[in-house]
Amino acid sequence: MRSRQRMFAAVMRLLLKCLRLGRRRRFKLVRQAEQLWHYGHLCLRSLLYNSFTNGDVVLDSLFEPVYWLVDHVTRWFGVVFVALVIGLTSSIVAIVYICLLPLILQTYTPAWICWHLAYGHWNLIMIVFHYYMAITTSPGHPPQAKNDLTGVSICRKCIAPKPARTHHCSICNRCVLKMDHHCPWLNNCVGHYNHRYFFSFCLFMTMGCIYCSISGWEMFRDAYAAIERMKLLEKERLQVAANQTYYQTPPPTFSFRQRAFHKSVVYLWVLCSSVALALGALTLWHAALITRGETSIERHINRKERQRLQKKGKVSIAHSMGAGWGRARCDAPLSVLQVFRNPYSYGSWDNWKVFLGVDVPRHWLTRVLLPSPHLPHGTGLSWDLPPCVTEQRTPLLAI
């Protein structure tokens, strides 16, 4: 009896010991899994950690495949976009010469005829000249020899020194001096040497479209009304033919030349008005950037840098548009706060003079109102004070 009790007790002790060991092993496995999880999480954060990482960086990383697709599509369809610009512009010019010019010569007074001929041809010459120069002029690239250039940073893709205001174009796969953006309608980058041509083309194309829209408004109304009459008469003619009332006189039909004339006038006005709105908004945007002495890329960089410095309390909340001053609502003393300034801005008026290359008053005629292939100030490698700037403004805080 005692032997059975001893055996039963030994079996129970062994069972409890096995359960205790299994529980310990299970707890040990759980602790090891938790340690591995924390270690992997720490390794992942250490590999991906960046003090500049924010929501914009995450979105850029997520949209990287979309950017890659857009870059390659833009690269291959640039020629198509240029051909489209040339084709649409040529169609408008052909309509003006074939349809509108004879009507102007027959109905307008000699003073208005001289005005339309002078302004129209001047605007057309400025459009053609600046568009040709914008697509054929290189925007400017840094030299390949590394010893000849003192760069402010290193391009991660070119692995070469990068001067100030220079950025890498993923479509052209090269660094561009004072890069503004890559324009698919030019099939070229907008940079230091062709920025003026690009803006002048946008400006004169907008002016030409507004001129055609305003001067052709009455013709458009008459042409649209004539097209509506043609549709109504065509409907009546079909009804007469369906009823087979041969004793009735069929309504008159419009000739092919009349139909083409009215539809061409409507096409001209609709296209010019649409381009004037879209291109006019783009022109105003670039005009604001030129006034501040910035490019499209620099505006984004300056805005990010201004926000970063404001969070650190190093600059005032009110910021200048290139040369202004502001006062912050901050507990820091005013002697400590600084105003963020664009280091390449010389004031609104001087920014325009530098951009257009106006050194003396006569240049407003010879270089702005007339076609001029003059080069911009500087080489794009260094940014010294241009001679046309009246006063040098030292930036208080610049990047």
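Residues numbered from 1 in each chain as written. Predicted model: local features only at pLDDT ≥ 70, side-chain atom pairs only at ≥ 80, totals over all residues. Heavy atoms only, no water.

As recorded by an unreviewed UniProt entry, the protein carries the name Palmitoyltransferase and is attributed to Cettia cetti. The protein has a UniProt comment under Catalytic activity (unreviewed entry) that states "L-cysteinyl-[protein] + hexadecanoyl-CoA = S-hexadecanoyl-L-cysteinyl-[protein] + CoA". Regarding the protein, the UniProt comment filed under Subcellular location (unreviewed entry) reads as follows: "Membrane". (UniProt positions renumbered as here; feature names shortened; annotations may be inferred.)

Moving on, we get to the pattern of salt bridges. Counting across every chain of the model gives three salt bridges. When the shortest N-O distance is used, the salt bridge between Glu298 and Arg165 registers 2.5 Å. With Glu298 in helix H8 (residues 296-311) and Arg165 in the loop between strand S2 (161-162) and strand S3 (167-169), the pair connects residues that are 133 residues apart, well separated along the chain. Each of the two residues, Glu298 as well as Arg165, counts as buried. (Salt bridge = Lys/Arg side-chain N within 4 Å of Asp/Glu carboxyl O. Helix = DSSP H or I, 4+ residues; strand = E, 2+ residues; numbered from the N terminus. Buried < 20%, exposed > 50% of the residue type's maximum accessible area, 1.4 Å probe, protein only.)

Tracing the backbone through its elements, the reader meets Asn188 in strand S6 (residues 188-190). Along the chain, Asn188 and Ser138 lie 50 residues apart, while their C-alpha atoms are 7.9 Å from each other. Apart from the residues within four sequence positions on either side, Asn188 is in contact with Ala134, Ile135, Thr137, Pro139, His182, Cys183 and Asn194. Polar contacts involving the side chain of Asn188 include one to the main-chain carbonyl oxygen of Ala134, which spans 3.2 Å. (Contact = heavy atoms within 4.5 Å. Polar contact = N/O pair within 3.5 Å; in protein donor to acceptor, adjacent residues only side chain to side chain.)

What follows covers the UniProt feature "transmembrane region" (unreviewed entry) in the protein. As annotated in UniProt, the feature "transmembrane region" (unreviewed entry) corresponds to residues 76-100, 112-133, 197-220 and 265-288 in the numbering used here. For residues 76-100, the end-to-end C-alpha separation is 37 Å, with 100% helix and 0% strand making up the annotated structure. Taken end to end, residues 265-288 comprises 100% helix and 0% strand; its first and last C-alpha atoms sit 34 Å apart.

Here the structure, examined in full by the defined rule, presents 16 aromatic pairs. Ring centres of Trp217 and Trp269 lie 5.3 Å apart, and the angle between their planes is 45°; on these two criteria the pair is classed as tilted. Within this pair, whereas Trp217 is found in helix H6 (residues 217-243), its partner Trp269 is found in helix H7 (residues 256-292), the two being separated by 52 residues in sequence. Centroid distance Phe220 to Tyr224: 6.1 Å. Interplanar angle 35°. Geometry classified as tilted. Placement of the pair is Phe220 and Tyr224 together in helix H6, with a separation of four residues, close to one helical turn. Chaining the aromatic ring pairs together yields one cluster made of Trp115, Tyr119, Trp122, Phe204 and Tyr211. Positioned above the aromatic ring of Trp383, the side-chain terminus of Arg165 is 4.7 Å from the ring centre. (Phe/Tyr/Trp six-rings, centres within 6.5 Å; stacked < 30°, edge-to-face > 60°. Lys NZ or Arg CZ within 6 Å of the ring centre and 35° of its normal.)

Turning our eyes to something else, we now look at unusual backbone geometry. Of note, the phi angle at Lys178 is positive, near 45°, even though the residue is not glycine. Phi is positive for Asn187, which is not a glycine, with a value near 55°. Mapped onto the elements of the fold, Asn187 is located in the loop between strand S5 (181-183) and S6.

What follows covers helix H4 (residues 110-136). The terminal C-alpha atoms of H4 lie 39 Å apart, and with 27 residues this matches the ideal 39 Å at 1.5 Å per residue to within 8%. Buried within H4 are the following residues: Ile113, His116, Tyr119, Asn123, Met126, Ile127, Phe129, His130, Tyr131, Met133 and Ala134. (Expected span 1.5 Å × (residues − 1).)

On to a nonpolar patch on the surface. On the surface, Trp68, Leu69, Val73, Trp76, Phe77 and Val80 cluster together to form a nonpolar patch covering roughly 680 Å² of accessible area. By relative accessible area, Val73 is classed as partly exposed at 38%. (Patch = residues over 30% accessible without salt bridge, like charges linked within 9 Å, V, L, I, M, F, W, Y side chains within 5 Å. Areas by Shrake-Rupley, 256 points an atom, 1.4 Å probe, with all protein chains shown as cover.)

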